[in-house]
Amino acid sequence: MKSAVFYGKHDLRIEDYPMPKAGAHDIVIQVKACGVCGTDVHIYDGDKGAAEVTPPTILGHEFAGVIAEVGSEVTGYQLGDRVCIDPNCYCGTCEPCRSGEVHFCEHMIGYGTTVNGGFAEYCVVNESQVYKLGTNTTFEQGAMTEPVACCLHGIDLCHIKSGDTVLVIGGGPIGMIMLQLAKNEGATKLILSEPVEEKRELALKLGATKVIDPINEDVQAVLDEYTPNVNVVIECVGNIHTQEDAVKFAGKGATVMFFGLASPEDSFPLKPDDVFKKELHITSSFINPYTYERAIQVLESKTLRLEDLITNIVPLDDIADVFTKPEYRRAGKVMIKIAD
């Protein structure tokens, strides 16, 4: 089967890879669409993502497709079912799992990170990780289930109240999902800080009430004029400079959510006095515990406009361009089309 195999930093090759076989409790999925995540870019650039990657590995953890084979002990699924997968498979026996904090599992299997994922024509996964798509959900939208599930966990931790003011830093696909979820939570002032004009324009269509160009505008001055207090700041860039800005722009009693994934070795100075005087709640969000079924329902309900976020659909043969050409890094969600 045709696959995009990661061999190490800046080394991604299209190869013929052995066809996976289903064990007793496994399902083989014919992959239709697989999204490119910021974590994939980090891994390609040689950084550590959410999990350790040991090459050679087929990357890709945001995917949807059709069931092509089921194991002998699998129940509840059949050939031809339209499905997506939760890539994070927990052991269920370690201390975090037994304490209800499964996302900190000490023996986690990650499809597309620790084991082969969805940048291939077929992928085998445990049946526990498979979810049926709703009839109104396309394969491209289904491949967005994983980022939506992660965003749901992050938005839960923001504790947004009706009437709150929320500042989202970064207008990539994650920032746009967070913006819409914050609106659905009842935030009435929704602000996006984003240097790319096209993304600011899209944000206004998706519900933003104010957009800011951080390159050519004084962000703090705009905030001071627009709102008496920023209740929640959601940083979606994964850059130490914008993370520092998130603390700076947060209002009194605000929650600061570091959602973007920065390089593991990066850091920035934090003044405890700034946190103290504003009584800030600084938090972050790690993957997607117990939010996958909710994400399926959100996608099927069409309360998020995901189709506007998918800006490029690229064939598997051209996947290397997504990681090397700068125009893709400025784009929205890039989807790898594996099969019709």
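Before reading further, recall that the structure is shown in the block above.
Residues numbered from 1 in each chain as written. Predicted model: local features only at pLDDT ≥ 70, side-chain atom pairs only at ≥ 80, totals over all residues. Heavy atoms only, no water.

Peer 1: Can you help me understand the side chain of D164 in this one?
Peer 2: By the element assignment, D164 lies in the loop between helix 4 (145-158) and strand 11 (165-169). For D164, a relative accessible area of 5% translates into the label buried. Within the structure, the side chain of D164 is placed 2.8 Å from the backbone nitrogen of K161, a separation counted as a polar contact. Ignoring sequence-local partners within four residues, the contact set of D164 consists of H159, G186, A187, T188, K189, N231 and V232. (Helix = DSSP H or I, 4+ residues; strand = E, 2+ residues; numbered from the N terminus. Buried < 20%, exposed > 50% of the residue type's maximum accessible area, 1.4 Å probe, protein only. Polar contact = N/O pair within 3.5 Å; in protein donor to acceptor, adjacent residues only side chain to side chain. Contact = heavy atoms within 4.5 Å.)

Peer 1: How should the nonpolar core be read in this particular structure?
Peer 2: Generally speaking, nonpolar side chains in soluble globular proteins are found buried as a group. Counting 48 residues, the largest nonpolar core has V148, I160, V166, I177, I234, L306 and L309 as the members making the most contacts within it. When residues of this core are traced back to their parent elements, those giving at least two are strand 5 (62-70), helix 4, strand 11, helix 5 (173-184), strand 12 (189-193), helix 6 (197-205), strand 14 (232-235) and helix 10 (292-301). Here this core takes seven residues from helix 4, the largest share from any one element. For V148, the contacting residues outside a window of four places in its chain are I177, A295, V298, L299, L304 and L306. Of all hydrophobic cores here, the second largest spans 36 residues; its members include V5, F63, I336 and I338. (Core = buried A, V, L, I, M, F, W, Y, C linked by side-chain atoms within 4.5 Å.)

Peer 1: Could you clarify how one ought to interpret unusual backbone geometry in this entry?
Peer 2: Among all residues except glycine, the phi angle is most often negative; among peptide bonds, the trans geometry is most common. Of note, the bond from P55 into P56 is cis; its omega dihedral lies within 30 degrees of zero at -5°. Summarising the element assignment, P56 is placed in the loop between helix 1 (38-44) and strand 4 (57-58). Phi is positive for H159, close to 55°, though the residue is something other than glycine. One can find H159 in the loop between helix 4 and strand 11. Judged by its relative accessible area of 58%, H159 is exposed. The phi angle at E279 is positive, at roughly 50°, despite the residue not being glycine. Topologically, E279 is positioned in the loop between helix 9 (272-278) and strand 16 (281-284).

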